[in-house]
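Given next are the chains, with one letter for each unit.
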Amino acid sequence: MCGIVGYIGLPEKTAEHDALAVLMEGLRRLEYRGYDSAGVATLSEGAVQSRKKSGKLVNLEEEIAQQPMRSASIGIGHTRWATHGGPTDQNAHPHLGDEGRLAVIHNGIIENFAELKERLLRDGHSFDSETDTEVAAKLLGTMLPEAGGDLTEAMRLASNELEGAFTLLAVHSDHPDQVVASRRNSPLVVGLGEGENFLGSDVSGFIDFTREAVELEQDQVVTITAADVRIIGFDGTPAQGRRFRVDWDAAAAEKGGFDTFMEKEIHEQPKAVEDTLLGRTDAQGRLVLDELRISPAELNEVSKIIVLACGTAAYAGTVAKYAIEHWCRIPVEVELAHEFRYRDPIIDDTTLIVSISQSGETMDTLMAVRYAKEQGARTLSICNTNGSTIPRESDAVLYLHAGPEIAVASTKAFLAMIAASYLLGLYLAQLRGMKFQGEIEDILADLHKIPAKIQEILDASDQIKDLARQMKDEPSVLFLGRHVGYPVAMEGALKLKELAYIHAEGFAAGELKHGPIALIEEGQPVFVVVPSPRGRDSLHSKVVSNIQEVRARGARTISVAESDDEAVSSYSESVFRVPETQPLLMPLLTTVPLQIFACALASEKGYDVDQPRNLAKSVTVE
Ligand code: F6R
């Protein structure tokens, strides 16, 4: 996600710490968060100076070399991971308000930006970008008169009008002695210096300058001057932050204190799912997928959906199939993108192609989407990377908003892809009248409870890690699942193969007796993804029978089962518990122990889980 830095120092410190140099150093430290454009604004001689550029920091540096900035003691800097609007120069931050006297940067997603923009347009404001940030900048500018010109109060008033997740930082040419910031559901930390203070989306933004920091709570506004830090709540009451000392080195700081990006991303999953769900409903609780760009009439005509993806994304596609067919009664095929276009598939203009890709650059998926378009199909991309090729070339897009995924093997994007697929399924069901509004709202309400449930699994992961340590020398591990547990079993096996280089296979549990059961011998570890006992017909009891079948042949069984599922206890050597949810939503929970297991086992073997051998994050060859 976006990286944010803010700096203010006493003017006499400028020779030692020029604001631009401090901001650029902070942005370099935040590069690991992933970004597609960058920008800075400083205050000098009573005016805002701002430079921004799409692409990497080097582009911004070139821009500044061509249009040098005067030295300054206050400023803000930003690396943008595009959400609203593609990664262009215009959409890069900062955005200006109050007739160019105010510069604002932002991390997060402002849910009610469309209605605020409409209001501001009616009041005569114009916009240079497609971003929600520019809406916040203009809104903040309009609040200044009401706040008696006080930037902190204006920020407080504006923040109370914003919905969603945001960290905002602002500087104003009439207030050269302060940087003001506000935070709701997005990260922000203050760095404390001597005669200077800092802001950062995390401590990496200022770790080269100070290790003394203050953590803010939700819904707070902070004003930093060179000598002081003042915090108030969105209701105006003064507040205290929690002071702490950063004892990580710079490399650990990038990873949020985790040893690896993979562990960090596994732990970011509650937020990734939450952000995917954010801002997708209107005030009446109806789903609105603004970015879809395919008209409701066209979506109503869809007679068949084909999901195209590779690897982990294809397993998310299988979950999508189960959900969309069940909720919408539209036939859904899932196909590996590289197989699809070489077999003369049957497509017409009532076929909806749904591609799923974290990177948006996977060549196999891209070629399959292009082929389907040539055949007249409508194309919709579920993607994490704003502005990447697949969404650009598709008729419609549903972005994940899961934030950049740095570890090569996918974790948080997988859960976000599943959450986005559910949103698509529910949207189609709403559009085609396949479900009552109340039913859709119930499912959405359960979806919104998922992030806290993922957190529960993460908080209880010691048992999984212990087992991983014990199993580090196993030569082969099998995974079984049925219904939506089947793609989860496949994903569990893939994670183990790619991270720990162990032979692993995932099977549909019903397929066992048709061959794979021959693999079972004494001591063979078998993970079983157990469906909910409250789920469909006899699915649960069928899986319990499958567990017994493999145990009877000597297997060592490890179940992933709901917290109240007592039936599996007596048939399993170990049980990883997950909280209860609707049967179709279970993959968002049952996947997590398998990711933790694979990551822990690979780390135990001393492997680099962020960069497994032979693999690339973005597979741009066919
Ligand atoms: C596995 C993994 C890969 C990707 C696949 C598609 O952990 O990451 O299997 O899922 O290469 O990549 P995207 O989603 O970028 O199209």
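- The chain goes by Glutamine--fructose-6-phosphate aminotransferase [isomerizing] in an unreviewed UniProt entry, where it is assigned to Candidatus Nesterenkonia stercoripullorum.
- Regarding the chain, the UniProt comment filed under Function (unreviewed entry) reads as follows: "Catalyzes the first step in hexosamine metabolism, converting fructose-6P into glucosamine-6P using glutamine as a nitrogen source."
- For the chain, the Subunit (unreviewed entry) comment in UniProt is given as "Homodimer."

1. Topic: the sheet that holds strand β17 (residues 332–336)
So, point 1. Taken together, five strands build an open sheet; the order of strands is β17-β16-β18-β19-β20 and the sheet is parallel. A strand with exactly one partner marks an edge of an open sheet, and here the two such strands are β17 and β20 (396–399). Neighbouring strand axes in the sheet, compared pairwise and without regard to direction, differ in orientation by 20° on average.
So, point 2. Summarising the sheet, strand β18 (residues 351–357) and strand β19 (residues 378–383) pair through six bridges and their orientation is parallel. When the bridges of β19 are listed, Ile 353 appears paired with Thr 379.
So, point 3. Contacts between helix α10 (residues 311–328) and the sheet are confined to β16 (304–309), β17 and β18, with β17 contributing the most and set at about 175° to the helix.

2. Details of the packing of helix α4 (residues 132–146) against helix α5 (residues 151–161)
Two packed helices can be described by the angle between their axes and the distance between those axes.
So, point 1. At a minimum axis distance of 8 Å, the contact between α4 and α5 shows a crossing angle of 125°. It follows from the interaxial angle that α4 and α5 lie oblique. For the pair α4 and α5, the sense of crossing is right-handed. The segment α4 lies against α5, with Leu 139, Leu 140, Met 143, Leu 144 and Glu 146 engaging Leu 151, Ala 154, Met 155, Leu 157, Ala 158 and Glu 161.

3. Considerations on the side chain of Arg 80
So, point 1. By the secondary structure assignment, Arg 80 is in strand β4 (residues 74–80).
So, point 2. The buried charged residue Arg 80 lacks any salt bridge, with Asp 36 as its nearest oppositely charged partner at 4.6 Å.
So, point 3. Side-chain polar atoms of Arg 80 contact the backbone oxygen of Gly 86, separated by 2.9 Å.
So, point 4. A polar contact of 3.5 Å, which involves the side chain of Arg 80, links it to the backbone oxygen of Asn 91.
So, point 5. Residues within four places of Arg 80 in sequence aside, it is in contact with Cys 2, Tyr 35, Asp 36, Ser 37, Gly 85, Gly 86, Pro 87, Thr 88, Asn 91, Ala 92, His 93 and Thr 131.

4. With respect to the UniProt feature "domain: SIS" (unreviewed entry) in the chain
So, point 1. UniProt feature "domain: SIS" (unreviewed entry): in the numbering of this structure it lies at residues 294–439 and 467–612.
So, point 2. Along residues 294–439 the backbone is 46% helical and 19% strand, and the end-to-end C-alpha distance reaches 24 Å.
So, point 3. From the first C-alpha to the last, residues 467–612 spans 22 Å; its make-up is 36% helix and 20% strand.

5. Some thoughts on the nonpolar core
So, point 1. Counting 123 residues, the largest nonpolar core has Ile 305, Trp 327, Leu 496 and Phe 527 as the members making the most contacts within it.
So, point 2. In terms of residues, this core owes the most to one element, helix α14 (residues 412–431), which gives 15 residues.
So, point 3. Among all residues touching Trp 327, those that are not within four sequence positions of it are Tyr 422, Gly 425, Leu 426, Ala 429, Met 434, Lys 435, Ile 443, Leu 584 and Leu 585.
So, point 4. Grouped together as the second largest cluster of nonpolar side chains are 28 residues, Ile 110, Phe 113, Leu 116 and Ala 136 included.

6. A word on the sheet that holds strand β25 (residues 574–578)
Consider a sheet: its strands pair through backbone hydrogen bonds, and that pairing is either parallel or antiparallel.
So, point 1. Spatially, the five strands line up as an open sheet ordered β22-β21-β23-β24-β25, and their pairing is parallel. The open sheet is flanked by β22 (503–508) and β25, the only strands paired with a single partner. Pairwise comparison of adjacent strand axes, ignoring direction, gives a mean angle of 20° for this sheet.
So, point 2. As paired strands, strand β23 (residues 525–529) and strand β24 (residues 556–562) are joined by five bridges and run parallel to one another. From the neighbouring strand, Phe 527 faces β24, where its bridge partner is Ile 558.
So, point 3. Each of β23, β24 and β25 is contacted by helix α16 (residues 462–470), which is oriented at about 150° to β25, the strand it contacts most.
So, point 4. This element, helix α18 (residues 539–552), spans β21 (476–481), β23 and β24 of the sheet and lies at about 165° to β24.

7. Points about helix α3 (residues 113–122)
So, point 1. Within α3 the residues assigned to the buried category are Phe 113, Leu 116, Lys 117 and Leu 120. Here the buried residues of α3 occupy an arc of 100° about the axis, which is enough to place them on one side. The exposed set on the far side of α3, more than 90 degrees from its buried face, consists of Glu 115, Glu 118 and Arg 122.
So, point 2. The secondary structure elements touched by the buried residues of α3 are β6 (102–110), α4 and α5.
So, point 3. Positioned one or two residues after α3, Gly 124 has a phi angle of 95°, which is positive.

8. As for the environment of Ala 320
So, point 1. With respect to the helices and strands, Ala 320 occurs in helix α10.
So, point 2. In this structure Ala 320 comes out as buried when scored by relative accessible area, which is 2%.
So, point 3. Between the C-alpha atom of Ala 320 and that of Glu 16, which follows or precedes it by 304 residues, the distance is 56 Å.

9. What to know about the side chain of Glu 265
So, point 1. As for its placement among the helices and strands, Glu 265 is situated in helix α7 (residues 261–267).
So, point 2. No salt bridge is formed by the buried Glu 265; the nearest opposite charge belongs to Lys 412, separated by 5.3 Å.
So, point 3. What Glu 265 contacts, discounting residues up to four positions off in sequence, is Pro 404, Glu 405, Ile 406, Ala 407, Thr 411 and Lys 412.

10. Comments concerning the packing of helix α8 (residues 269–277) against helix α15 (residues 437–459)
So, point 1. For the pair α8 and α15, interaxial distance at closest approach is 8 Å and the crossing angle is 175°. Viewed along their axes, α8 and α15 adopt a mutual orientation that is roughly antiparallel. On α15, the residues touching Gln 269, Pro 270, Val 273, Glu 274 and Leu 277 of α8 are Leu 447, His 448, Ile 450, Pro 451, Ile 454, Gln 455 and Leu 458.
So, point 2. A breakdown of the residues in the contact of α8 with α15 according to their chemical character gives eight nonpolar, three polar and one charged.

11. As for the UniProt feature "active site" (unreviewed entry) in the chain
So, point 1. On the UniProt side, "active site" (unreviewed entry) is annotated at positions that read Cys 2 and Lys 617 here.
So, point 2. In this fold, Cys 2 is placed in the segment before β1 (3–9).
So, point 3. Residue classification places Cys 2 among the buried residues on the basis of a relative accessible area of 5%.
So, point 4. With residues near it in sequence (within four places) discarded, Cys 2 still touches Arg 33, His 78, Thr 79, Arg 80, Trp 81, His 106, Asn 107 and Ser 201.
So, point 5. Tracing the backbone through its elements, the reader meets Lys 617 in the segment after α19 (587–604).
So, point 6. In this structure Lys 617 comes out as partly exposed when scored by relative accessible area, which is 27%.
So, point 7. With residues up to four places along the chain from it excluded, the contact list for Lys 617 reads Gln 358, Glu 405, Ile 406, Ala 407, Val 408, Ala 409 and Ser 410.

Definitions and limits used
Residues numbered from 1 in each chain as written. Predicted model: local features only at pLDDT ≥ 70, side-chain atom pairs only at ≥ 80, totals over all residues. Heavy atoms only, no water. UniProt positions renumbered as here; feature names shortened; annotations may be inferred. Pairing = 2+ DSSP bridges. Helix = DSSP H or I, 4+ residues; strand = E, 2+ residues; numbered from the N terminus. Axes fitted to C-alpha atoms, helices over the stretch in contact; angles between N-to-C directions. Contact = heavy atoms within 4.5 Å. Parallel < 35°, antiparallel > 145°, perpendicular 65-115°, else oblique. Left-handed = near helix turned anticlockwise from the far one by under 90°. Buried < 20%, exposed > 50% of the residue type's maximum accessible area, 1.4 Å probe, protein only. Lys, Arg positive; Asp, Glu negative; His and termini not counted. Salt bridge = Lys/Arg side-chain N within 4 Å of Asp/Glu carboxyl O. Polar contact = N/O pair within 3.5 Å; in protein donor to acceptor, adjacent residues only side chain to side chain. Core = buried A, V, L, I, M, F, W, Y, C linked by side-chain atoms within 4.5 Å. Arc of directions from axis to C-beta. Nonpolar A, V, L, I, M, F, W, Y, C, P; charged D, E, K, R; others polar.

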